[in-house]
Amino acid sequence: MRDVVLNILLDNLGHFVSGEDISRQLGITRAAVWKYIKLLQSQGYPIESSTKKGYCLRQVPDILDDALLLRGLDTSVFGRKMEIHSSIGSTNARAKELALNGAPEGTVVIADEQVQGRGRLGRSWISPPGKGIWMSVVLRPRLFPQQASRITIMTAVAVANALKRSAQIEVGIKWPNDIVCGGKKLCGILNEVHAEPQVIHYAVVGIGLNVNFSQEDLPDGIKDLATSLKIEKDKEFCRVDIIRAILQEMEKSYLQRLNNDRFTELLKEYEAHSVILGKRVRVIGIGSELSGYAEGFGEDGSLILRLDDGRLETILAGDVSIRGESSYV
Ligand code: BTN
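Bear in mind the structure is a predicted one, so any value in this text is a computation, not a measurement.

Peer 1: Explain the nonpolar core residue by residue, including any values.
Peer 2: Membership of the largest hydrophobic core comes to 89 residues, with the highest contact counts inside it found for Leu 9, Leu 163, Leu 209 and Leu 303. Per-element tally for this core: the top contributor is helix 6 (residues 149-167), with eleven residues. Those residues within four positions of Leu 9 in sequence are excluded, and the remaining contacts are Val 17, Ile 22, Ile 37, Leu 40, Ile 47, Tyr 55 and Leu 57. Ile 88, Ala 103, Val 138 and Tyr 202 belong to the second-largest nonpolar core, a separate cluster that totals ten residues.

Peer 1: Pulling in residues and values, what's your account of the pattern of salt bridges?
Peer 2: The full count for this structure, using the stated rule, is 29 salt bridges. Residues Arg 244 and Asp 241 are paired through a salt bridge, measuring 3.3 Å at the closest nitrogen-oxygen approach. Linking Arg 244 with Asp 241, this pair stays in helix 8 (residues 239-257), spanning three residues, or about one helical turn. Judged by its relative accessible area of 16%, Arg 244 falls in the buried class. When its relative accessible area of 37% is taken as the criterion, Asp 241 is described as partly exposed. One salt bridge in this structure joins Arg 306 and Glu 295, with 2.7 Å as the shortest N-O distance. In this pair, Arg 306 is assigned in strand 12 (residues 303-307) and Glu 295 in strand 11 (residues 288-297), connecting sequence segments eleven residues apart. Where salt bridges share partners, they join Arg 257, Arg 262, Glu 265 and Glu 269 into one cluster.

Peer 1: Break down the site of the ligand for me, citing the residues and quoting the values.
Peer 2: Not every one of the 21 residues close to the ligand is listed here, only the nearest: Ser 90, Gln 114, Arg 118, Arg 120 and Lys 185. In the environment of the ligand, an oxygen atom lies 2.6 Å from a nitrogen or oxygen atom belonging to the backbone of Arg 120. Side-chain polar atom of Lys 185 to an oxygen atom of the ligand: 2.5 Å apart, as the coordinates give it. When the ligand sits alone it has 420 Å² of accessible area, and the protein chains cover 99% of it. Among the cavities detected, the one that contains the ligand is the largest pocket. The set of elements that each furnish at least two residues to the shell around the ligand consists of helix 5 (91-100), strand 5 (132-139), strand 8 (184-196) and strand 9 (199-210). Looking at which element gives the most residues to the shell around the ligand, the answer is strand 8, with four residues. Here the residues of the shell around the ligand sort into six nonpolar, eleven polar and four charged.

Peer 1: How would you summarise the sheet that holds strand 11 if you had to cite specific residues and measurements?
Peer 2: The five strands lie next to each other as 13-12-11-10-14, forming an open sheet whose pairing is antiparallel. The two strands at the open ends of the sheet, each matched to only one other strand, are strand 13 (312-315) and strand 14 (321-324). Each strand of the sheet is rotated relative to its neighbour by a mean of 45°, with strand direction disregarded. For strand 10 (residues 280-285) and strand 14, the ladder comprises four bridges, and the chain directions are antiparallel. The partner of Ile 284 across the bridge, within strand 14, is Ser 321.

Peer 1: So what's going on with the packing of aromatic side chains? Residues and values would help.
Peer 2: Taken as a whole, this structure holds four aromatic pairs when the rule is applied. Both rings, one in Trp 134 and one in Phe 213, keep their centres 6.4 Å apart while their planes meet at 65°; by these two values the pair is edge-to-face. Residue Trp 134 is located in strand 5, and its partner Phe 213 is located in the loop between strand 9 and helix 7 (229-233); the two are separated by 79 residues in the primary sequence. Here the basic side chain of Lys 35 rests over the ring of Tyr 36, its NZ or CZ set 4.9 Å away from the ring centre. Above the ring of Phe 263, the side-chain terminus of Arg 150 is found at 4.1 Å from the ring centroid.

Peer 1: Any details on the environment of Asn 210? Residues and values, ideally.
Peer 2: If you trace the backbone, Asn 210 turns up in strand 9. Measuring from C-alpha to C-alpha, the distance between Asn 210 and Glu 299 comes to 29 Å, with 89 residues separating the pair along the chain. Once residues lying within four places of it in the same chain are set aside, the contact partners of Asn 210 are Trp 125, Lys 131, Trp 134, Lys 185, Leu 186, Ala 226, Thr 227, Ser 228 and Leu 229.

Peer 1: So what's going on with the environment of Pro 46? Residues and values would help.
Peer 2: Mapped onto the elements, Pro 46 comes out in the loop between helix 3 (30-42) and strand 1 (47-50). Using a relative accessible area of 30% as the deciding quantity, one classes Pro 46 as partly exposed. Residues in contact with Pro 46, not counting those within four places in the same chain, are Cys 56, Leu 57, Arg 58, Gln 59 and Pro 61.

Peer 1: Outline the layout of surface pockets, listing residues and values.
Peer 2: Of the voids in this model, the largest pocket is the one considered here, and its volume is about 670 Å³. As for the largest pocket, its lining consists of 37 residues, of which Gly 119, Arg 123, Ser 124, Trp 125 and Lys 185 are closest to the centre. Sorting the residues of the lining of the largest pocket by element identifies helix 5, strand 5, strand 8, strand 9 and strand 14 as the ones contributing at least two each. Taken together, the residues of the lining of the largest pocket break down into 16 nonpolar, 14 polar and seven charged.

Peer 1: I'd like to hear about the packing of helix 6 against helix 9 (residues 263-273), residue by residue, with values.
Peer 2: Interaxial distance between helix 6 and helix 9 falls to 10 Å at its minimum, and their mutual angle equals 60°. For the element pair helix 6 / helix 9, the angle class is oblique. Helix 6 and helix 9 meet at a crossing whose hand is left-handed. Taking contact as the criterion, the partners of Arg 150, Ile 153, Met 154, Ala 156, Val 157, Ala 160 and Asn 161 in helix 6 are, on helix 9, Phe 263, Leu 266, Leu 267, Glu 269, Tyr 270 and His 273.

Cut-offs applied
- Residues numbered from 1 in each chain as written.
- Predicted model: local features only at pLDDT ≥ 70, side-chain atom pairs only at ≥ 80, totals over all residues.
- Heavy atoms only, no water.
- Core = buried A, V, L, I, M, F, W, Y, C linked by side-chain atoms within 4.5 Å.
- Buried < 20%, exposed > 50% of the residue type's maximum accessible area, 1.4 Å probe, protein only.
- Helix = DSSP H or I, 4+ residues; strand = E, 2+ residues; numbered from the N terminus.
- Contact = heavy atoms within 4.5 Å.
- Salt bridge = Lys/Arg side-chain N within 4 Å of Asp/Glu carboxyl O.
- Near = heavy atom within 4 Å.
- Polar contact = N/O pair within 3.5 Å; in protein donor to acceptor, adjacent residues only side chain to side chain.
- Areas by Shrake-Rupley, 256 points an atom, 1.4 Å probe, with all protein chains shown as cover.
- 1 Å grid on protein atoms, 1.4 Å probe; cavity = no way out; pocket = protein on both sides within 12 Å on 5 of 7 lines; lining within 4 Å.
- Sits in = over half its atoms within 2 Å of the grid points.
- Nonpolar A, V, L, I, M, F, W, Y, C, P; charged D, E, K, R; others polar.
- Pairing = 2+ DSSP bridges.
- Axes fitted to C-alpha atoms, helices over the stretch in contact; angles between N-to-C directions.
- Phe/Tyr/Trp six-rings, centres within 6.5 Å; stacked < 30°, edge-to-face > 60°.
- Lys NZ or Arg CZ within 6 Å of the ring centre and 35° of its normal.
- Points joined across faces, edges and corners; volume = space filled by probe spheres on them.
- Parallel < 35°, antiparallel > 145°, perpendicular 65-115°, else oblique.
- Left-handed = near helix turned anticlockwise from the far one by under 90°.

Structure representation (structure tokens):
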């Protein structure tokens, strides 16, 4: 019932609806309406109440609420099952637990804060409350394990398209898993796959997107490397709108372009966003380093590197990170 009251207020955003109207529509007493209004106010919804005019939701707050998220989410798989946590260790860890217990494809775990957020290569991921989108999705792709990097490619393109649509920002992709803006990292993707040699049982793709960090909020260690939507666009963003756009873009790419011939289309889009293609890069692995020109990306999501002696080397995303010749990109 709380969600229905909220939806009536959202349908009339910025306008008053009388308590009597709401109580009539829902077949509940005006006292019950008032109880739900109080509840919503205590949860952070800026609802003005007037004895004469009724109730008015002034603006949509930046609250991770499934009723808000589901409103206007036109997906059939992604986000149809959702868990939202105010604080959690890691959304990837929780999504893996759910996947192991049979959670359906498209199950989403979102947290306002992560206290043990994980990055690639064993790094940690700083995920304070209210500052970003910390989200993981359970997938059950029909891919061979060696094609698993396609999931990262698909997610990176989906995030780039979603950001363009929902935050009016153009971003680049730094192979394999970084979304960058102005030469700094805006978002990281962590694709964790549970597979046997011939079959992927499930994958969990985690997205960490810096949204409302200001420059001072960024810890010293990453100040020079990281950015946020707020820093880039000089305004705060409502995370729910962006999450919805990401889930919609991911579903479109995942269902239509991951498996079939259309993956080449996805790869072309990925290349169009690439900030390393045609550039000289350093590929840093565990105890090794290669330099060369980023010549293209393979159907399996690998990087094709032109070495100085002219040979081509195929690099799998696994354990490497990439640097520009003298900087992060
Ligand atoms: C990276 O660039 O190293 C990947 C970072 C991925 C961070 C996200 S935040 C949501 C999900 N849960 C985690 O613990 N990590 C991913």
